[in-house]
Amino acid sequence: MAAARTRAARTGTTETRDGVELTSLDGPLFDGAASDGTASDGKGHTKRDLVDYLDAVRHAILPALAGRALSVMRVRPGQQPFMQKNLPKYAPEWIARTTVWAEASHREVTYPLCDDRRTLLWLANQRAVEYHPALIRAGEQHATHLVLDLDPPEGDGPVPVNWAHVVRAAMLIRRVLDDLGLVGAVKTSGSKGVHIFVPITPVPVMDSAAATRAIAARAEALDPEIATTAFIRADRAGKVFLDSTRSIGATVVAAYSPRIRPGLPVSFPVAWDDLPHVTPADFTVATAPGLLGDGDPWAAALPDPQELPAELLEHGHTIPVARVAAMHEGKRRKRAQQE
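Residues numbered from 1 in each chain as written. Predicted model: local features only at pLDDT ≥ 70, side-chain atom pairs only at ≥ 80, totals over all residues. Heavy atoms only, no water.

An unreviewed UniProt entry annotates the protein as ATP-dependent DNA ligase of Pseudonocardia charpentierae.

Here it is as structure tokens:
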């Protein structure tokens, strides 16, 4: 075993950083990780690329992860990506963790807390590509942000057209926030959409969820030809979906997190005025470190927590929860078909 490790070290496939052994670094990261986004054999990006990227941006990504229950998307060559919530039993004891009761599965789930470089490196060595922290800090009972996730319509032309739709929808959200006296920050999702974060002062989780619904509904009303809050895909009719369901118990991919997509794009902050002039493909594990430097534009873009207007909360509580409404509508449509 020792001889094998020595041979691996000579070939550059194994090394140690901050006490964490990193293995198989020069192997393909996952199928479809080619750097030009065209190949599907995984011969472009390697596991080393992931580790080096996360290590390079640790000063910026760790503040977005620290103190929050973390779910990760992992990959293995030749296998489908999978979401991992429960910390594996073989995880080192020095990894900080928090236990959360999962109502759906009726069990306790032990999540990692990625508070330091060692933990980030260990997760990277596990081929954890995507980092999805909870909106609620461990030990607290309220969300720290409102989050709106804007998704472009599917099958509606090339990416630039879809991106233009997303930008227009994002500007609708910005108009609503302006009218409310609120400020939000925007970042690419790392896929085809954007995430808009609005830091808030503590309120009950039902209130933060209601406020998010109200903001989405008001943006949709400004231009229903572009934006929709329809939770059922078939009802979106080529419009940008304003997803207001990232609230109670939800996660959202962190700023600077890579995504499991060809070319390894990353979720990256963008100034509002720059949004029309970029595309999600501009931000990858190859380009992001240079754009970031020693700074953290996401932290700089986020305002201090803001108090939510009472009338916004009142409006939001009159709007049905999207998932619940969609479930009832689905049952109604099924009954109608049967009749």
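Draft legend 1. Inspection of the packing of aromatic side chains at higher detail. According to the stated counting rule, one finds five aromatic pairs in the structure shown. Judged by centre distance (5.2 Å) and plane angle (85 degrees), the ring pair of Phe 197 and Trp 298 falls under edge-to-face. Highlighted residues: Phe 197 in strand E10 (residues 194-199) and Trp 298 in helix H8 (residues 297-301), separated in sequence by 101 residues. Accessibility assignment for this pair places Phe 197 and Trp 298 in one class, buried. Of the aromatic side chains, those joined through ring pairs into one cluster are Tyr 256, Phe 268 and Phe 283. Directly above the aromatic system of Trp 94 lies the positively charged group of Arg 118, at a separation of 4.0 Å from the ring centroid. Here Arg 236 stacks its cationic end above the ring of Phe 241, 3.8 Å away from the centre of that ring. (Phe/Tyr/Trp six-rings, centres within 6.5 Å; stacked < 30°, edge-to-face > 60°. Helix = DSSP H or I, 4+ residues; strand = E, 2+ residues; numbered from the N terminus. Buried < 20%, exposed > 50% of the residue type's maximum accessible area, 1.4 Å probe, protein only. Lys NZ or Arg CZ within 6 Å of the ring centre and 35° of its normal.)

Draft legend 2. A look at the sheet that holds strand E3 (residues 68-74). Taken in spatial order, the three strands make up an open sheet running E4-E3-E7, and their pairing is antiparallel. Single-partner strands in this sheet number two, and they are strand E4 (82-84) and strand E7 (128-137). When strand polarity is set aside, the average angle formed by the axes of neighbouring strands in this sheet is 25 degrees. Where E3 and E7 come together, six bridges link them in antiparallel fashion. Across the sheet, the residue bridging to Ser 71 is His 132, located in E7. (Pairing = 2+ DSSP bridges. Axes fitted to C-alpha atoms, helices over the stretch in contact; angles between N-to-C directions.)

Draft legend 3. A look at helix H3 (residues 58-65). Residues Ala 60, Ile 61, Leu 62 and Leu 65 constitute the buried set of H3. On its buried face, H3 sits against helix H2 (47-56), E3, helix H4 (117-125), E7 and helix H7 (288-292). Downstream of H3 by one or two residues, Gly 67 has phi in the positive range, about 75 degrees. (Contact = heavy atoms within 4.5 Å.)

Draft legend 4. The packing of H2 against H4, seen in detail. The N-to-C vectors of H2 and H4 enclose an angle of 160 degrees; their axes lie 9 Å apart at closest approach. One element, H2, and the other, H4, form an angle in the roughly antiparallel class. Our pair here, H2 against H4, has a crossing hand that is right-handed. Contacts from Lys 47, Leu 50, Val 51, Leu 54 and Asp 55 in H2 reach Arg 117, Leu 120, Leu 121, Ala 124 and Asn 125 in H4. Its residues placed into classes, the contact of H2 with H4 shows six nonpolar, one polar and three charged. (Parallel < 35°, antiparallel > 145°, perpendicular 65-115°, else oblique. Left-handed = near helix turned anticlockwise from the far one by under 90°. Nonpolar A, V, L, I, M, F, W, Y, C, P; charged D, E, K, R; others polar.)

Draft legend 5. How the structure looks around the sheet that holds E10. Spatially, E11-E12-E8-E10-E9-E13 is the arrangement adopted by the six strands of the open sheet, whose pairing is mixed. Each edge of the open sheet carries a strand with a single partner, namely strand E11 (227-228) and strand E13 (269-270). The pairing of strand E8 (residues 145-151) with strand E12 (residues 240-243) spans three bridges and is antiparallel. Note that in E12 the partner of Asp 151 across the bridge is Phe 241. Contacting E8, E11 and E12, helix H6 (residues 205-222) runs over the sheet at an angle of about 40 degrees to E8.

Draft legend 6. Summary view of the pattern of salt bridges. Tallied over the full model, the rule gives 15 salt bridges. When the shortest N-O distance is used, the salt bridge between Arg 259 and Glu 130 registers 3.2 Å. With Arg 259 in the loop between E12 and E13 and Glu 130 in strand E7, the pair connects residues that are 129 residues apart, well separated along the chain. Given the relative accessible area of 3%, Glu 130 is considered buried. Ionic pairing is found between Arg 174 and Asp 273, a salt bridge with its closest N-O pair at 3.5 Å. (Salt bridge = Lys/Arg side-chain N within 4 Å of Asp/Glu carboxyl O.)

Draft legend 7. Molecular detail of unusual backbone geometry. A positive phi angle is found at Asp 18, which is not glycine, with a value near 50 degrees. Along the chain, Asp 18 turns up in the loop between strand E1 (15-17) and strand E2 (20-22). For Asp 18, a relative accessible area of 41% puts it in the partly exposed group.

Draft legend 8. Structural context of the nonpolar core. Counting residues in hydrophobic clusters, the biggest one holds 85 residues, and the most contacted among them are Tyr 131 and Leu 150. In terms of residue count, helix H5 (residues 159-180) provides more of this core than any other element does, ten residues in total. Residue contacts for Leu 150: discarding those within four places in its chain leaves Val 166, Ala 169, Ala 170, Ile 173, Gly 193, Val 194, Ile 196, Val 240, Phe 241 and Leu 242. With five residues, the next largest nonpolar core counts Ala 69, Val 109, Tyr 111 and Ala 134 among its residues. (Core = buried A, V, L, I, M, F, W, Y, C linked by side-chain atoms within 4.5 Å.)

Draft legend 9. Expanded view of the environment of Leu 120. With respect to the helices and strands, Leu 120 occurs in helix H4. Leu 120 gets classed as buried once you look at its relative accessible area, which sits at 2%. Along the sequence, Leu 120 and Arg 58 sit 62 residues apart, while their C-alpha atoms lie 7.9 Å from each other. With near-sequence residues (within four places) excluded, Leu 120 lies in contact with Leu 54, Arg 58, Ile 61, Leu 62, Leu 65, Cys 114 and Tyr 131.

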